[in-house]
Amino acid sequence: MIFKLRLLSIIALFLSLGYGKSVSAVTTPVDLMITNGLIVTMDAKMSVIADGSLVIKNGAIVAVGPSATIKERYEATNTITAAGKIIMPGLVNTHTHAAMVIFRGLADDLPLDIWLQSHIWPAEAEFITADSVRTGANLALAEMIHSGTTTFSDMYFFSDELAQAAKKAGVRAMIGEAIIDFPTPDSKSPEESFAIIENLAKTWQNDPLITIAVAPHAPYTCSPATLRSSKTLADKLGLPLIIHVSETAKEVAEVTEKYGVPPIEHLNNLGFFGGTVIAAHAVYPNPKEIVLMANKNVGVAHNPVSNMKLASGVAPIPEMLQAGIAVGLGTDGAASNNNLSMFKEMNAAALLQKVSRLDPTSQSAFATVKAATIGGARVLGMEKQIGSLEEGKRADLILIELNRPHLVPLYNVYSHLVYAANGADVDTVIIDGRVIMQHRKLLTLDEKSVMLEARILALRIQEPQKQ
């Protein structure tokens, strides 16, 4: 009897020290586990996991899979329960001008050339400063986070202010310093803009969230020499290029008359392509240019709402996708949209193709969600880092609340995301493994202060409009 008790004591000690655990019971420690959600991975197989969980460590996704399996294998410091929610990659806004939110509603219902030359450029000349860009950037970041954008690509002035604001807010950004042949709010010449970019590249080199880009404005505002120099600088520093191109029929006609070829072919003749190039708008590429963009791996940032509002036209997105071009969605600036919601952009992108072609099959919900996530990541050259929920990628993801009348019932998750959901349904935002917003509360920005600063600035901007 004594021997038996001693044996039981030894066995108990053995088990208490962990020697008796099966391999399956050993758990791996992680930073964050998100459990029991409907996971829309956007991976190569486009896997959807009905009751899925995801784990994060050091800002990266460690594993994605069925909840029962994940919970058995991992033990997290923090856990977020996602029951009744969609877990999906964060949305990628491939083209915007974040700080232009300060001009939201300033000039509406105008064609692009009049809107730019008579309203926006004069307002920028008077009001765009480092301080106003900081104010606008913070407001735009709050709006983007609230509507599920985790990465955005930008072209504007005083780029370091935007970079600092994005870094502080915890948002991933590709930030391009705009280059134009005439003086801008922060530069008297393209040469000064190039110097700014060189300094930015040094300052933000190897930053986990911020990527600097070279951003010549457009073929009609930049000479061939400026475009060539932009490409040379991008190659020298290993930076992406961002450019507005083929945005309106008028632009195509003017560039063709001046250079003998349409805008995209003109850029190719200058040796502009190669590396990561983001072509914003690309509304009027001809068939030859579509093949050219596909062969040169040019990414297209499609901005359907802005293109509609400025009556620029309808981009041939199905043809681009069929040619193998990476297509993402962008909001453009809030001065021509007038918001930064990628959910509205998805909805418009799908409906615009259908009505313009009188073909309800021309742009599916699935293809549209793809453009807003992994497609956008491809456009920015970031598809190995973001855009899908896969092991090894950075943990950029959002949780969408499904317990809303307009999201019941649920038959097709892609249909819901494009045709029913909106930015206000985003409950939680995580970027690079960091919780940026939870239960609709921003954790990295003081939302009230951000809006107050913007309102004060708007009073200054509004005053000249009254005179």
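Higher on the page you've got the structure.
Remember, predicted model here, so these are calculated numbers, not experimental data. One numbering rule holds for all chains: residues counted from 1, following each sequence as written. Predicted model: local features are reported for residues with pLDDT of at least 70 only, side-chain atom pairs are reported and counted for 80 or more only, and whole-chain, interface and lining totals are derived from all residues. Hydrogens and water molecules were not included; the side-chain quantities draw on all heavy atoms of the structure.

Caption draft 1: Representation of the overall build of the protein. Tallying secondary structure elements over the protein gives 17 helices and 17 strands in all. Radius of gyration here is computed from C-alpha atoms only, and the compact-globule reference equals 2.2 Å multiplied by the residue count raised to the power 0.38. Its C-alpha radius of gyration of 24 Å places the protein within 12% of the 23 Å reference for a compact globule of 467 residues. With the principal axes as the frame, the protein shows a C-alpha extent of 105 × 45 × 45 Å. For the protein, the residues scored as buried account for 56% of the 467 residues in total. Contacts are residue-level and defined by heavy atoms, with any inter-residue pair within 4.5 Å sufficient. In the protein, of all internal contacts separated by at least 6 residues, the share reaching a separation of at least 24 is 72%. Helix and strand assignments follow DSSP, with helices taken as H or I runs no shorter than four residues and strands as E runs no shorter than two, numbered in order from the N terminus. Each residue's exposure class comes from its accessible area (1.4 Å probe, protein chains only) as a fraction of the maximum for that residue type: buried when under 20%, exposed when over 50%, partly exposed otherwise.

Caption draft 2: Structural detail: the pattern of salt bridges. Note on definitions: salt bridges are taken to be side-chain nitrogens of Lys or Arg within 4 Å of carboxyl oxygens of Asp or Glu. Counting across every chain of the model gives 16 salt bridges. The residue Asp113 makes a salt bridge to Lys250 at a minimum N-O spacing of 2.6 Å. Placement of the pair is Asp113 in helix 3 (residues 112-127) and Lys250 in helix 8 (residues 249-259), with a sequence separation of 137 residues. For Asp113, a relative accessible area of 24% corresponds to the partly exposed category.

Caption draft 3: A look at the packing of helix 13 (residues 342-357) against helix 14 (residues 365-372). Each axis is a line fitted through C-alpha atoms, taken for helices only over the stretch in contact, and angles between the N-to-C directions span 0 to 180 degrees. The contact between helix 13 and helix 14 brings their axes to 10 Å, and the two run at 140°. Between helix 13 and helix 14, the interaxial angle falls into the category oblique. Here helix 13 and helix 14 pass one another in a crossing that is right-handed. Contacts from Met342, Met346, Ala349 and Ala350 in helix 13 reach Thr368, Val369 and Ala372 in helix 14. Polar here means any residue other than Ala, Val, Leu, Ile, Met, Phe, Trp, Tyr, Cys and Pro, which are nonpolar, and Asp, Glu, Lys and Arg, which are charged; Gly is therefore polar. Here the contact of helix 13 with helix 14 is composed, by residue class, of 6 nonpolar, 1 polar and no charged. Relative orientations are named as follows: roughly parallel for angles under 35 degrees, roughly antiparallel for angles over 145 degrees, roughly perpendicular for angles from 65 to 115 degrees, and oblique for any other angle. Working rule for handedness: look at the near helix, and if it is turned counterclockwise from the far one by less than a right angle, call the crossing left-handed; if clockwise, right-handed.

Caption draft 4: Fine view of the packing of aromatic side chains. Aromatic pairing here means that ring centres of Phe, Tyr or Trp (its six-membered ring) are within 6.5 Å. Orientation follows from the plane angle: under 30 degrees is stacked, over 60 is edge-to-face, and everything else is tilted. The full count for this structure, using the stated rule, is 4 aromatic pairs. With 4.8 Å between their ring centres and 45° between their planes, Tyr156 and Phe157 make a pair best called tilted. A single burial state applies to Tyr156 and to Phe157, both of which are buried.

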